[in-house]
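# Inside the fold
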Amino acid sequence: MNNKKVLTVKNLNKFYSKNSSKSVHALNNLNLEVNEGEIFGLLGPNGAGKSTFINILAGTSIKSSGEVFVWGFNLDTNPRQVRASIGIVPQEVNLDPFFTPKKLLELHAGLYGVKKKDRITDTILKLVSLEDQANSYSRSLSGGMKRRLLVAKALVHQPPIVILDEPTAGVDVELRSNLWKNVKLLNKQGVTIILTTHYLTEAEKMCDRIGILNKGELVALDSTKNLIDRIQRKNVKLLLDKKINIEEINLDFLEIISYKNNLLEISYDKSKVKIEEVISYIHQQNANISDISTDEANLEDVFMRLTKN
Ligand code: ADP
Ligand code: MG
């Protein structure tokens, strides 16, 4: 991964004015950068401001203050270049049922001013596995195919950045993994991916870095691994080869959850307690560990913690 920033957001604010007295602060002083070639995930509960953010990048919503640079272009002074640099995959399926995928992509390319000789319609159709449906009416496509066609639409002008707003919301499991495969493939070809989702396990699997948005505020921004590491508590189950006196294990920040049939379950603060200390307490009683298992924290834990209040 290189260090070129393809997206820079500085002190971005968005207010929606409901009526004269009350306005919604949908984005609260957002600062973030996205590196070229990465898959960046923006996570957050409903109403966090994810779509507002995407819509500002797409040019369909106007920011209240702050600066946005996409592919080095300033959104305020070069909105056309910004638009040309990104392909947006919207959340809702919204396709004309009477066009075929091929026709639709051709029309869309025209809309973006892509000359006939520069169009890569067939390549895109192949990429999203719709080459066999190239000439079928859109209305005859399955839900999954329609989703893939939306992805295809975002690619007609070969943007270096593709942004997907909750691409898997309401999409069945099989379809989701298929969609993610396509996204990974795009990324492998050098396209930077920005996506929003509230499926945490998917973000965990897909993203190099994750930002967590809550009520318009970025409450975390880190590599996926570091975010998961933030969960300090760790649960470990130890199977011992003989009975021990658990009162002898006397460590601060360690809690004994259960001890039955030589199976000892403990919970401790990773930053304060090392598992070696626990093991040495056990060895002091001439017992050995015959099996050990841990529960790794997942992103869901981090997410729940950071967005709790
Ligand atoms: P998310 O995509 O994370 O669910 P949104 O960006 O859609 O969040 O919404 C963020 C906040 O802005 C919410 O409180 C929402 O009600 C409000 N909001 C979104 N769009 C509008 C709008 N067009 N007019 C007024 N308020 C809006
Ligand atoms: Mg949304």
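Residues numbered from 1 in each chain as written. Chains lettered and ligands numbered in written order. Predicted model: local features only at pLDDT ≥ 70, side-chain atom pairs only at ≥ 80, totals over all residues. Heavy atoms only, no water.

Attention now goes to the environment of His198. Position of His198 among the secondary structure elements: in the loop between strand S8 (192-197) and helix H7 (200-206). Judged by relative accessible area, which is 33%, His198 ranks as partly exposed. Spatially, the C-alpha atom of His198 lies 7.5 Å from that of Glu166, the residues being 32 residues apart in sequence. When near neighbours in sequence (up to four residues on either side) are disregarded, His198 contacts Leu43, Gly44 and Glu166. (Helix = DSSP H or I, 4+ residues; strand = E, 2+ residues; numbered from the N terminus. Buried < 20%, exposed > 50% of the residue type's maximum accessible area, 1.4 Å probe, protein only. Contact = heavy atoms within 4.5 Å.)

Moving on: the site of ligand 1. Every residue near ligand 1 is listed here: Tyr16, Val24, Ala26, Pro45, Asn46, Gly47, Ala48, Gly49, Lys50, Ser51 and Thr52. A distance of 2.9 Å is found between an oxygen atom of ligand 1 and a backbone nitrogen or oxygen belonging to Lys50. Burial of ligand 1 by the protein amounts to 63% of the accessible area it has alone, namely 560 Å². Mapped onto the shell around ligand 1, the elements with two or more residues apiece are strand S2 (23-35) and helix H1 (50-58). Tallying contributions element by element places H1 first for the shell around ligand 1, with three residues. (Near = heavy atom within 4 Å. Polar contact = N/O pair within 3.5 Å; in protein donor to acceptor, adjacent residues only side chain to side chain. Areas by Shrake-Rupley, 256 points an atom, 1.4 Å probe, with all protein chains shown as cover.)

Once that is clear, we can look at the domain arrangement of the protein. Domain annotation of the protein identifies domain 1 (1-85 + 159-229), domain 2 (97-157) and domain 3 (232-298). Distance between the C-alpha centres of domain 2 and domain 3: 57 Å. (Domains from an automatic or database assignment.)

With their axes 10 Å apart at the nearest point, helix H3 (residues 101-111) and helix H5 (residues 143-153) run at an angle of 25 degrees to one another. Considered as vectors, H3 and H5 are oriented roughly parallel to each other. When the axes of H3 and H5 are compared, the crossing they make is right-handed. Of the residues in H5, those touching H3 at Pro101, Leu104, Leu105 and His108 are Leu149, Ala152 and Lys153. Class assignment for the residues of the contact of H3 with H5 results in five nonpolar, one polar and one charged. (Axes fitted to C-alpha atoms, helices over the stretch in contact; angles between N-to-C directions. Parallel < 35°, antiparallel > 145°, perpendicular 65-115°, else oblique. Left-handed = near helix turned anticlockwise from the far one by under 90°. Nonpolar A, V, L, I, M, F, W, Y, C, P; charged D, E, K, R; others polar.)

This paragraph deals with helix H10 (residues 299-306). When H10 is considered as a whole, its buried residues turn out to be Leu299, Val302 and Phe303. Mapping the buried residues of H10 onto a view down its axis gives an arc of 100 degrees, with all of them on the same face. Each element contacted by the buried residues of H10 is listed here: strand S3 (39-43), H7, strand S9 (209-214) and helix H8 (224-229). (Arc of directions from axis to C-beta.)

The next thing to look at is the packing of H5 against helix H6 (residues 173-188). In contact at an axis separation of 10 Å, H5 and H6 are set at 20 degrees when each is read in the N-to-C sense. In terms of axis orientation, H5 runs roughly parallel to H6. The way H5 lies across H6 gives a crossing that is right-handed. Side by side, H5 and H6 meet where Gly143, Gly144, Arg147, Arg148 and Val151 of the first sit next to Leu175, Asn178, Leu179, Asn182 and Leu186 of the second. Looking at the contact of H5 with H6, its residues break down into four nonpolar, four polar and two charged.

Okay, the layout of surface pockets next. Roughly 590 Å³ of internal volume is contained in the largest pocket. Surrounding the largest pocket, 25 residues form its lining, Ile88, Pro90, His108, Tyr112 and Lys153 being those nearest its centre. Elements represented by at least two residues in the lining of the largest pocket include exactly H1, strand S6 (86-89), H3 and H5. Its residues placed into classes, the lining of the largest pocket shows 13 nonpolar, seven polar and five charged. A domain split of the lining of the largest pocket shows at least three residues from each of domain 1 (1-85 + 159-229) and domain 2 (97-157). (1 Å grid on protein atoms, 1.4 Å probe; cavity = no way out; pocket = protein on both sides within 12 Å on 5 of 7 lines; lining within 4 Å. Points joined across faces, edges and corners; volume = space filled by probe spheres on them.)

In this structure the tally under the stated criterion is zero aromatic pairs. The positively charged end of Lys272 is found above the aromatic ring belonging to Phe253, 4.7 Å away from the centroid. (Phe/Tyr/Trp six-rings, centres within 6.5 Å; stacked < 30°, edge-to-face > 60°. Lys NZ or Arg CZ within 6 Å of the ring centre and 35° of its normal.)

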